[in-house]
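Here's the letter readout for the chains.
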Amino acid sequence: MLVMPTRFVLLIIDGIFLTTVVQLLTIGHSFKSGPIPNGCRKKLIHFMYHVCCSFFLVVAAVRTSVTSKEFDYSYYLGDHYKENQKKVQNTSTIVSNHVSWLDPVILIKNIRPAFAPSAEFKNVPLLGTLIECIDSIYIPRGGSEESKAKALAAIRGRQELIEETGKYAPFLIFAEGGTTNGSGLIKYKKGAFFAEKTVRPIYMKYKFGSVNPAFDTIEYLPLAILTLSWAGYSCDLSIMPDFTPNDYLFENHADKGSERWEVYAWAVRDAMMKSGGFGECNIPLRTKLLYESYMQRHPGAAEPPIIDPENKLLTGANLLSPLTQPLTKTDPSPQESMERIEMEDYSLKKKLDPRVGDECSVGGEVEDLEKGN
C-alpha cells in the first residue's frame, strides 16, 4: 500500500534536489548570451542530471539498456552512400519515437540530448533554467503560418550552428509529433527534415507486465500513479547510424512524398520500422487526438471513426454510435448498466463482423488506436 506514495515522495525530493543544485550552479550566467561554456561547471551540471535521472529510474523500477544498431541504408541512399555522403563535423539532430512520460528521463540518463520544448516554457520559473542548462531550444508553437515559419527557422538555425561549431548539444525531436503505444510509428512531421540536415535515428522499446507505461489514452496523473504502483519495467534504447539525405534518395524515391522533406521523413521512418520491428500506422494525428478525447470522456468529445486493420477510415455511418451515449444521472442500476453494456458490446461486434451469430458470446474487443499530442 505504501509503495506508490513512497516512490512519489522520493521522486519529488529528487526533482527538488536537482532544481536546487542547477540553480546554484548557474548563478552568474545569462542564457540570453548563449549556452553555458564547456568546462567544469557544465560537466558538473551534466553529472548531476545523470545522477538524478538514474535515481529517478531506480525509484520507478525501470531498467534501461543502450545498443548501437548497424543498418544498411543502401536501399534509400544507393550502394556507395558511405563513400559519397557528405561528412558533418557534428550531428545536430536526433530523431526518436515517443511512447511514455518516462522517455525524457531515460534519454537524459543515457544520451543527454537537448530538447525542443514550446516557447511557452521559457519564462516558467525554475523549469526554464532546467531546460536551458542542457542546451535545449525553444520552438514557437501555433497553427498560423507565421508560427510554423518561425519554428522551422529556429530549427534550421540551431541545426546549422551545431553542425558548424558544436557549441550546443545535439537536440532531440520526437518526429511523430505525439506519443504512441510503442507498437508502431506514425507519419513524421516536417521539423527535423525540411532543412535536409543529417539526423541520427534512435528508438525506444518498452517491456512491461500488467501496466503499459505508454502515454496513449490515459491521462497523465492516473498513468503516473499506475506506473509507480508497479515494477519490472525495462526500456531498450537503440541508436542507428547517422542518415544523410542525397540525390539518389530524392530521385529514386520521389513517389514517397510530394515534397523533398516528405521523402526524407519516409526513408528515416521506414528504416526505423525495419530495424526496430515496428508496425506502420498511417492514421492521421487528428484522428488519434479525437480518439484520446473520446476515451478520456472529455465534455463534448466527438465520436471517433472506426479504423480497419489497414489503417483506413471506414466510410458510412459511425459504427461506434451505440457506445457514445453520454452517461447521465438517470442511468439505470449497476446491474442494468452492465447488461446494457454487454448488449452494446455485442451489437458493436456484430456490426464489425456480420458473420457473428446470436450464439456468439459477448465480450469482443476492439483494438485500441495509438495516441498523439
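Note that the coordinates shown come from a computational prediction; the quantities given were computed from them, not determined experimentally.

(A) Molecular detail of the sheet that holds strand β6 (residues 233-239). On the basis of which strands lie adjacent, the open sheet formed by five strands has the order β1-β6-β5-β2-β3 and mixed pairing. Across the chains shown, the open sheet's two edge strands, defined by having one partner strand only, are β1 (62-68) and β3 (171-174). Pairs of neighbouring strands in the sheet enclose a mean axial angle of 25 degrees, with direction left out of account. Looking at chain direction, strand β5 (residues 199-207) and β6 are connected through six bridges and run antiparallel. Bridge assignment links Tyr-203 to a residue of β6, and that residue is Ser-238.

(B) Representation of helix α7 (residues 145-165). Here α7 contains 21 residues, and its C-alpha end-to-end distance of 30 Å stays within 8% of the 30 Å for a straight helix at 1.5 Å per residue. Residues of α7 that are buried include every one of Ser-147, Ala-151, Leu-152, Ile-155, Arg-158, Gln-159, Ile-162 and Glu-163, and no others. Within α7, the buried residues cover an arc of 135 degrees as seen down the axis, which keeps them to one side. Along α7, exposed side chains directed more than 90 degrees from the buried face belong to Glu-145, Glu-146 and Glu-164. Remark: Gly-166 follows α7 within two positions and exhibits a positive phi of approximately 65 degrees.

(C) Here's a closer look at the packing of helix α1 (residues 3-25) against helix α8 (residues 220-228). Between α1 and α8, the shortest axis-to-axis distance is 8 Å and the interhelical angle comes to 110 degrees. Here α1 is positioned roughly perpendicular relative to α8, judged by the angle of their axes. With respect to the hand of their crossing, α1 and α8 are arranged in right-handed fashion. For the pair α1 and α8, the contacting residues are Val-3, Met-4, Arg-7, Phe-8 and Leu-11 in the first and Ile-225, Thr-227 and Leu-228 in the second. When its residues are assigned to classes, the contact of α1 with α8 shows six nonpolar, one polar and one charged.

(D) Region of interest: the environment of Pro-170. Relative to the elements of secondary structure, Pro-170 occurs in the loop between α7 and β3. Through-space distance from the C-alpha of Pro-170 to that of Asp-135 is 8.4 Å; in sequence the pair is 35 residues apart. Every residue in contact with Pro-170, bar those within four places of it in the chain, is listed here: Thr-91, Ser-92, Ile-94, Pro-113, Ala-114 and Ile-162.

(E) Main features of the nonpolar core. Counting residues in hydrophobic clusters, the biggest one holds 43 residues, and the most contacted among them are Tyr-49 and Cys-133. Mapped onto this core, the elements with two or more residues apiece are α1, α2 (40-59), α5 (103-110), β5, α8 and β6. No other element matches α2, which puts eight residues into this core. In terms of nonpolar packing, the next biggest core, distinct from the first, is built from 41 residues, Tyr-76, Val-268, Met-273 and Phe-278 among them.

(F) How the structure looks around the packing of aromatic side chains. Taken as a whole, this structure holds 14 aromatic pairs when the rule is applied. In this structure an aromatic cluster arises from ring pairing among Phe-71, Tyr-73, Tyr-75, Tyr-76, Tyr-81, Tyr-188, Phe-193, Phe-243, Tyr-264 and Trp-266. Over the face of the ring belonging to Phe-278 we find Lys-205, whose NZ or CZ atom lies 4.8 Å from the ring centre. Lying over the aromatic face of Phe-250, Arg-260 brings its terminal NZ or CZ to 3.9 Å of the ring centre.

(G) Layout of a positive patch on the surface. Side chains of Lys-148, Lys-189, Lys-190 and Arg-286 sit close together on the surface and give a patch of like positive charge. According to the relative accessible area criterion, Lys-148 is partly exposed, its value standing at 42%.

(H) Up close: a nonpolar patch on the surface. Together, Val-9, Leu-10, Ile-13 and Phe-55 give the surface a local cluster of nonpolar side chains, amounting to about 330 Å² of exposed area. Here Phe-55 shows up in helix α2. With a relative accessible area of 37%, Phe-55 lands in the partly exposed category.

(I) Layout of the side chain of Ser-293. Mapped onto the secondary structure, Ser-293 falls in helix α11 (residues 285-295). Assessed through its relative accessible area of 19%, Ser-293 is described here as buried. When sequence neighbours within four positions are dropped, the list of residues in contact with Ser-293 reads His-298 and Ala-301.

Procedures and definitions
Residues numbered from 1 in each chain as written. Predicted model: local features only at pLDDT ≥ 70, side-chain atom pairs only at ≥ 80, totals over all residues. Heavy atoms only, no water. Pairing = 2+ DSSP bridges. Helix = DSSP H or I, 4+ residues; strand = E, 2+ residues; numbered from the N terminus. Axes fitted to C-alpha atoms, helices over the stretch in contact; angles between N-to-C directions. Expected span 1.5 Å × (residues − 1). Buried < 20%, exposed > 50% of the residue type's maximum accessible area, 1.4 Å probe, protein only. Arc of directions from axis to C-beta. Parallel < 35°, antiparallel > 145°, perpendicular 65-115°, else oblique. Left-handed = near helix turned anticlockwise from the far one by under 90°. Contact = heavy atoms within 4.5 Å. Nonpolar A, V, L, I, M, F, W, Y, C, P; charged D, E, K, R; others polar. Core = buried A, V, L, I, M, F, W, Y, C linked by side-chain atoms within 4.5 Å. Phe/Tyr/Trp six-rings, centres within 6.5 Å; stacked < 30°, edge-to-face > 60°. Lys NZ or Arg CZ within 6 Å of the ring centre and 35° of its normal. Patch = residues over 30% accessible without salt bridge, like charges linked within 9 Å, V, L, I, M, F, W, Y side chains within 5 Å. Areas by Shrake-Rupley, 256 points an atom, 1.4 Å probe, with all protein chains shown as cover. Salt bridge = Lys/Arg side-chain N within 4 Å of Asp/Glu carboxyl O. Lys, Arg positive; Asp, Glu negative; His and termini not counted. Charge placed at Lys NZ, Arg CZ, Asp CG, Glu CD.

It is worth stressing that arrangement in space is one thing and function is another; only the former is reported here.
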